[in-house]
Structure formats: C-alpha cells, structure tokens
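# Remarks on the overall topology
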Amino acid sequence: MKRVTGIGGIFFKSKDPQATNEWYQKHLGLNITPYGAVFEWKEKEDPTKEGLTNWSTFKDSTKYFEPSTKDFMINYRVENLELLVEELKKEGVTIVDNIETYDYGKFVHIMDPEGNKIELWEPNE
C-alpha cells in the first residue's frame, strides 16, 4: 500500500503573515493569494496528472497547529486516506481528529513522535 505520495503543503507561523507574504513575494517571486502560494507540477508516473503544493503562513496565535507547539506543519499527499488511517491506528500512531471531506479532498491530522502535527491529504483527482 502506498502511503505518502508527495508534499501537499508547507505551513508555518508568522508574527505578521501579511508582511512575511509580501517579503516572499518581493524577494523570492512567490505569487501569494489569500491561501498562500501554489506550486503546480505534473506526476512523474503519469504526466497527464497535475498536482500542487501549497505554501502558507499562519498568524503565530493560530490554534490550527495544536496540539503541537511547533511553528510549522507539513501536509503530505496520500492515497486511500481511510485505509491508511486504519493502518496507522493499528501501528499506534496518534490520530488527532476525524477524517473531514471538502471539495478539494479528504484530510486528517496525526502526530509524530517529536510532537509535530502532520496533515494528511487525499486530493480529489
């Protein structure tokens, strides 16, 4: 069973997300939207399939990264999220919440042994 298929996003806390976004836009050329920057790419095994990786800043007071106390969170793309969550439960991995479904895919959060919250995303193809 495939588990992680790629990085879906990189999220980090910032004291001033707007100023941070402006700095990245000005100095590194990121095209920042209200949801961050999106990097588009094609899958190696099937170049007709496109994917994306999101880069986003969050206010340093966000609760979204909890229960982690870290200043970052990585979103990993996965296949068959329901099956993966069942396997992770059997392996003793901490599952933070329930799988939620949105127009753009399914999400769940887990914790690694260092206390990093990880977002798992099964995108809609």
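Above: the structure in question.
Right, let's walk through the structure included here.

The rules behind the values
- Residues numbered from 1 in each chain as written.
- Predicted model: local features only at pLDDT ≥ 70, side-chain atom pairs only at ≥ 80, totals over all residues.
- Heavy atoms only, no water.
- Helix = DSSP H or I, 4+ residues; strand = E, 2+ residues; numbered from the N terminus.
- Rg over C-alpha atoms; globule rule 2.2 N^0.38 Å.
- Buried < 20%, exposed > 50% of the residue type's maximum accessible area, 1.4 Å probe, protein only.
- Lys, Arg positive; Asp, Glu negative; His and termini not counted.
- Charge placed at Lys NZ, Arg CZ, Asp CG, Glu CD.
- Phe/Tyr/Trp six-rings, centres within 6.5 Å; stacked < 30°, edge-to-face > 60°.
- Expected span 1.5 Å × (residues − 1).
- Arc of directions from axis to C-beta.
- Contact = heavy atoms within 4.5 Å.
- Core = buried A, V, L, I, M, F, W, Y, C linked by side-chain atoms within 4.5 Å.
- Pairing = 2+ DSSP bridges.

### Some remarks on the overall build of the chain
Each helix and strand in the chain was counted, giving two helices and eight strands. Secondary structure of the chain in N-to-C order comes out as β-α-β-β-β-α-β-β-β-β. Its C-alpha atoms give the chain a radius of gyration of 15 Å, near enough to 14 Å, the size a compact globule of 125 residues would have. When the backbone C-alpha atoms are referred to their principal axes, the chain occupies close to 45 × 40 × 25 Å. Here the chain, with 125 residues, has 37% of them falling under the buried criterion. One finds the centroid of the 16 positive side-chain charges in the chain at a distance of 3 Å from the centroid of its 23 negative side-chain charges.

### A short note on the packing of aromatic side chains
Two descriptors summarise a pair of aromatic rings, namely the distance from one centre to the other and the angle between the planes of the rings. Applying the stated criterion to the full structure yields 12 aromatic pairs. An angle of 70° between the planes, with centres 5.8 Å apart, marks the rings of Tyr102 and Phe107 as edge-to-face. We classify Phe107 as buried; its relative accessible area is 12%. Their ring planes at 5° and their centres at 6.0 Å tell us that Phe107 and Trp121 sit as a pair that is stacked.

### Comments concerning helix H1 (residues 17–28)
Counted at 1.5 Å a residue, the expected span for H1 with its 12 residues is 16 Å, and the 16 Å between its end C-alpha atoms agrees. Within H1 the residues assigned to the buried category are Pro17, Thr20 and Asn21. The buried residues of H1 all sit within an arc of 100° when viewed along its axis, so they share a single face. In H1, those exposed residues whose orientation departs by more than 90 degrees from the buried face are Gln18 and Lys26. Turning to H1, the residues buried within the fold contact strand E1 (4–14) and strand E3 (50–59).

### Quick notes on the nonpolar core
Membership of the largest hydrophobic core is limited to nine residues, which are Val78, Leu81, Leu84, Val85, Leu88, Val108, Ile110, Ile118 and Leu120. Among the secondary structure elements, those contributing two or more residues to this core are helix H2 (81–90), strand E7 (105–111) and strand E8 (117–123). At four residues, the largest contribution of residues to this core is made by H2. If we ignore the near neighbours within four places in the chain, the residues touching Ile110 are Leu88, Val93, Thr94, Ile95, Val96, Asn116, Lys117, Ile118 and Leu120.

### Quick look at the pairing of strand E4 (residues 72–78)
Note that E1 and E4 share seven bridges and pair antiparallel. Across the sheet, the residue bridging to Ile10 is Ile74, located in E4. When E4 meets E8, the two strands line up parallel, connected through four bridges. Bridge pairing in E8 links Asn75 to Glu119.

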